[in-house]
Each structure stands twice: as structure tokens, then as C-alpha cells.
Amino acid sequence: MRIALLDDYQQQALNLADWKSLPKGTVVQAFSEAMQDKEEVIRRLHDFDVVVAMRERTAFPASVIERLPNLKLLASTGLRNAAIDTEACRRQGITVCGARGARTGLAATAETAWALILALHKRLVLSHIALCEGRWQPQMALAMEGRVLGIAGLGNIGQRMARMGQAFGMDVIAWSPNLTAQRAGQAGVRLVGKEELFALSDVVSLHLVLSPATAGVVARPELSVMRPNAFLVNTARAGLVDEAALIEALQQRRMGGAGLDVFWQEPLPRSHALCSLDNVVMTPHLGYVTEDNFAAFYGNVLDNIKAWMDGRELVLLS
């Protein structure tokens with residue numbers, strides 16, 4: 001039995017679960033570099049029986065699934081994975097399963113969003129660069145108390161964001177396609193329309209699930225009504241935002257800036273237009289990347305693999 005652990009960027013996957021507890025002769029191989037295209041995925045995974053996908057870092061469309069003749073189990077971390085064509089897996093007789101993360105996983109994403117919000121308001125990156133270049137106080141910082149936090153998506157993470165915003169003394173408003181005034185009120189925030197959210201907020205933080213209904217939900221119309229000094233923060237999914245529209249708004253300084261933890265191409269190429277902008281703060285999709293969360297992911301993946309080997313019930317993707 002050959003098992004591949006994908007996208008192990010920190011080279012910790014082999015240490016975070018007891019892979020040696022698998023039957024004797026099982027080979028577990030971790031890949032620390034991202035695979036660049038479909039042909040590389042097919043070539044490198046051709047001989048594996050089990051592939052462990054770290055969230056949506058590597059895509060498995062039908063055109064890949066159909067060319068992995070030895071693949072029998074595709075085990076994803078997380079309980080959602082839009083990068084896997086589950087119907088193609090079903091046709092090929094490949095079992096697909098998901099694995100829960102740590103209890104603190106959602107909190108970690110909210111914390112990353114707040115790290116970006118604070119970095120933008122306090123000019124942390126520009127100040128760090130200036131200090132290392134011998135320049136003092138390149139820009140004034142911004143206070144957050146009394147400013148407006150707009151939350152798009154008031155689920156578990158969105159509600160955490162609201163509580164943190166209120167702790168900073170911010171006025172919190174929210175919108176999502178199905179949000180009701182009652183649910184917003186229960187979270188202690190005010191329901192507004194989509195255009196209002198972007199027009200009134202000093203910070204808009206995205207916490208929507210990516211779906212056909214929400215893909216590109218932030219585009220030129222939404223960006224065009226944002227305040228000139230307002231920030232957009234995205235720790236959810238890059239596909240929620242129109243990439244070209246955002247880059248244009250940032251380049252033309254029609255908005256204050258953006259804090260991004262998710263990107264349209266990951267890993268982000270060093271030549272990407274965002275890397276040349278001084279009104280952007282970026283982190284490399286770190287929202288869920290904590291040791292506790294990854295230990296839970298890999299431990300639960302391992303349980304799934306053992307259950308599959310024994311013919312027992314698996315945790316399925318939702």
C-alpha cells in the first residue's frame with residue numbers, strides 16, 4: 001500500500017500522526033513542494049493507492065482522476081473540498097472522505113483576519129520596512145474604535161469576527177445572501193444590504209462559503225462604492241473576489257488597501273501584481289495552518305485510512 005501526503009509545505013506531516021501504526025509494508029511519502037500542473041500531479045501520483053489532499057491546495061478534476069489507475073482512496077482534510085470532482089471519483093470507484101480539524105481551527109482563521117486588519121490599520125509592514133531602511137514613522141496609523149466593520153457571511157467565523165470587532169469598539173454590520181435580521185440581531189449586529197455593507201464599512205471582512213452563488217460576489221460594483229480609505233480583508237476563498245477588479249482598485253488607490261490570506265493561484269507567484277503594491281498585506285493562506293489543527297487533520301485522516309482498510313464507515317465530505 002502506497003500513501004501520498006500532499007503539499008506538506010512545513011515538512012511536518014510525517015510527525016503529526018502515527019503513520020507507523022499502519023500495517024507493515026505500508027509506504028507513506030510526503031510531498032513538500034506544490035505540484036505545478038495536472039501532468040505533474042498525474043506523473044507523481046500514478047502509483048499511489050491512497051492520496052491525502054491538504055484542503056484544496058491540489059485540484060483533482062475528472063481529467064486527473066481518470067488518469068490515476070491505482071488510486072482507491074482520496075482522503076481530504078476538512079469536510080469540504082471543492083477541488084475534488086467527487087462524481088468522477090464515484091465513476092472510477094474511488095472512495096472519497098473528509099477529516100475534521102481541531103476545535104480551535106475556526107478561531108485561528110478569525111485571528112488571522114484580525115492580524116491582517118490590525119496590520120493595515122497600524123501600517124505594520126510599511127513601518128517595519130521603513131525602520132530597516134532607516135526611516136522613521138513613514139505613515140500615520142489609524143484607530144479602530146468608532147469605525148465600521150462590515151462582515152460578509154455571519155456563520156461561525158463571522159460571528160467570532162463580530163465579537164472581536166465589538167471588543168475593539170467598532171460598529172458591526174453584516175450581510176450575506178440568506179442572512180435575516182433576526183439572526184443578525186442574535187449576533188448583536190445590524191443587517192444591511194450588500195451595497196450598504198461596502199458603502200458604509202471602513203473594513204469589509206469576507207467569511208462566505210464559495211459556491212456558484214457567491215463566486216465573484218465582490219466585483220467592480222462593490223469595490224466602486226467603498227470609501228477611499230476602506231480595507232477589504234479576505235481569509236475565506238479567493239474566488240469570492242474578482243481578481244482583476246481588486247488589483248485595478250488597489251493600483252488606482254480607489255480604496256485604502258487589502259489584507260489577503262487566500263489567492264487565485266496558490267502558491268502565489270513572486271511576479272504577481274499584488275507583490276508590487278504597498279497597500280496590500282498578505283499571508284500565505286495561514287488561516288487554518290496551526291499545529292493543533294494539522295495534528296487533528298492528519299490524526300483523523302489516519303483513522304479514515306484504517307477504517308477504509310478494515311471496511312468500516314468513513315467520515316465523508318459534506
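Higher on the page you've got the structure.
Since the model is a prediction, treat every value here as computed from it, not as a measurement.

### Regarding the sheet that holds strand β1 (residues 2-5)
Item 1. In spatial order, the strands read β2-β1-β3-β4-β5; together these five strands make up an open sheet with parallel pairing. Of all the strands in the sheet, the pair left with one neighbour each is β2 (27-30) and β5 (95-97). On average, each strand axis in the sheet is tilted by 15° relative to the strand beside it, whichever way the strands run.
Item 2. Pairing of strand β4 (residues 73-76) with β5, which is carried by three bridges, proceeds in the parallel orientation. The residue bridging Leu-73 from the neighbouring strand is Thr-95, located in β5.

### Some points on helix α6 (residues 156-167)
Item 1. With twelve residues, α6 ought to run about 16 Å at 1.5 Å a step, and its terminal C-alpha atoms sit 17 Å apart, in line with that.
Item 2. If you follow the buried residues of α6, they end up packed against α4 (105-121), β6 (148-152), β7 (171-175) and β9 (203-206).
Item 3. Within two residues after α6, Gly-169 carries a phi angle of roughly 80°, on the positive side.

### Side note on the pairing of strand β11 (residues 257-260)
Item 1. Burial along β11 is two-sided: Gly-257 and Gly-259 and Ala-258 and Leu-260, pointing in opposite directions, are all buried.
Item 2. Sheet topology note: the strand β10 (residues 231-234)/β11 ladder contains four bridges and is parallel. Directly across from Asn-234, in β11, lies its bridge partner Leu-260.
Item 3. Crossover connection from β10 via helix α10 (residues 243-251) to parallel β11: handedness right-handed.
Item 4. Pairing of β11 with strand β12 (residues 280-282) involves three bridges; the strand directions are parallel. Bridging from a neighbouring strand, Leu-260 pairs with Met-282 of β12.

### A word on the packing of aromatic side chains
Item 1. As enumerated under the stated definition, the model contains six aromatic pairs in all.
Item 2. When the centroid spacing of 5.0 Å and the interplanar angle of 25° are considered together, the rings of Trp-114 and Phe-168 count as stacked. Here the residue Trp-114 occupies a position in helix α4, and Phe-168 occupies one in the loop between α6 and β7, the gap between them amounting to 54 residues.
Item 3. A relative accessible area of 4% places Trp-114 in the buried class.
Item 4. One aromatic cluster in this structure is built from Trp-19, Tyr-288, Phe-294, Phe-297 and Tyr-298.

### Quick look at a nonpolar patch on the surface
Item 1. On the surface, a cluster of nonpolar side chains totalling about 240 Å² of accessible area is made up of Leu-124, Val-125 and Ile-129.
Item 2. On the secondary structure map, Ile-129 appears in helix α5 (residues 124-132).

### Section: the environment of Arg-253
Item 1. Structurally, Arg-253 can be placed in the loop between α10 and β11.
Item 2. With relative accessibility at 48%, the residue Arg-253 sits in the partly exposed group.
Item 3. C-alpha separation for the pair Arg-253 and Pro-228, spaced 25 residues apart in sequence, amounts to 7.4 Å.

### Things to note about the state of the cysteines
Item 1. Evaluation of the coordinates by the stated rule reveals zero disulfides.
Item 2. Here Cys-89 stays unpaired: no disulfide links it, and the sulfur of Cys-97, its closest cysteine neighbor, is 11 Å away.
Item 3. Of the cysteine sulfurs around Cys-132, a residue in no disulfide, the closest is that of Cys-275, at 19 Å.

### Some thoughts on the environment of Lys-24
Item 1. Along the polypeptide, Lys-24 turns up in the loop between β1 and β2.
Item 2. The exposure class assigned to Lys-24 is exposed, which follows from its relative accessible area of 88%.
Item 3. Remark: the alpha-carbon pair of Lys-24 and Val-189, spanning 165 residues in sequence, is separated by 55 Å.

### Quick look at the packing of α4 against α6
Between two packed helices, what matters for the description is the angle formed by their axes and the separation of those axes.
Item 1. Viewed as axis vectors pointing N to C, α4 and α6 meet at an angle of 45°, and their least axial separation amounts to 9 Å. With respect to each other, α4 and α6 are oriented oblique. Crossing hand, α4 versus α6: right-handed. For the pair formed by α4 and α6, the contact residues are Leu-106, Ala-107, Thr-109, Ala-110, Ala-113, Trp-114 and Ile-117 on the first element and Asn-156, Ile-157, Arg-160, Met-161, Met-164 and Gly-165 on the second.
Item 2. Of the residues contributing to the contact of α4 with α6, the split by class is nine nonpolar, three polar and one charged.

Rules of the game
Residues numbered from 1 in each chain as written. Predicted model: local features only at pLDDT ≥ 70, side-chain atom pairs only at ≥ 80, totals over all residues. Heavy atoms only, no water. Pairing = 2+ DSSP bridges. Helix = DSSP H or I, 4+ residues; strand = E, 2+ residues; numbered from the N terminus. Axes fitted to C-alpha atoms, helices over the stretch in contact; angles between N-to-C directions. Expected span 1.5 Å × (residues − 1). Contact = heavy atoms within 4.5 Å. Buried < 20%, exposed > 50% of the residue type's maximum accessible area, 1.4 Å probe, protein only. Right-handed = clockwise from strand over helix to strand, strands pointing away. Phe/Tyr/Trp six-rings, centres within 6.5 Å; stacked < 30°, edge-to-face > 60°. Patch = residues over 30% accessible without salt bridge, like charges linked within 9 Å, V, L, I, M, F, W, Y side chains within 5 Å. Areas by Shrake-Rupley, 256 points an atom, 1.4 Å probe, with all protein chains shown as cover. Salt bridge = Lys/Arg side-chain N within 4 Å of Asp/Glu carboxyl O. Disulfide = S-S within 2.5 Å. Parallel < 35°, antiparallel > 145°, perpendicular 65-115°, else oblique. Left-handed = near helix turned anticlockwise from the far one by under 90°. Nonpolar A, V, L, I, M, F, W, Y, C, P; charged D, E, K, R; others polar.

Function cannot be inferred from these measures alone, as they are strictly geometric.
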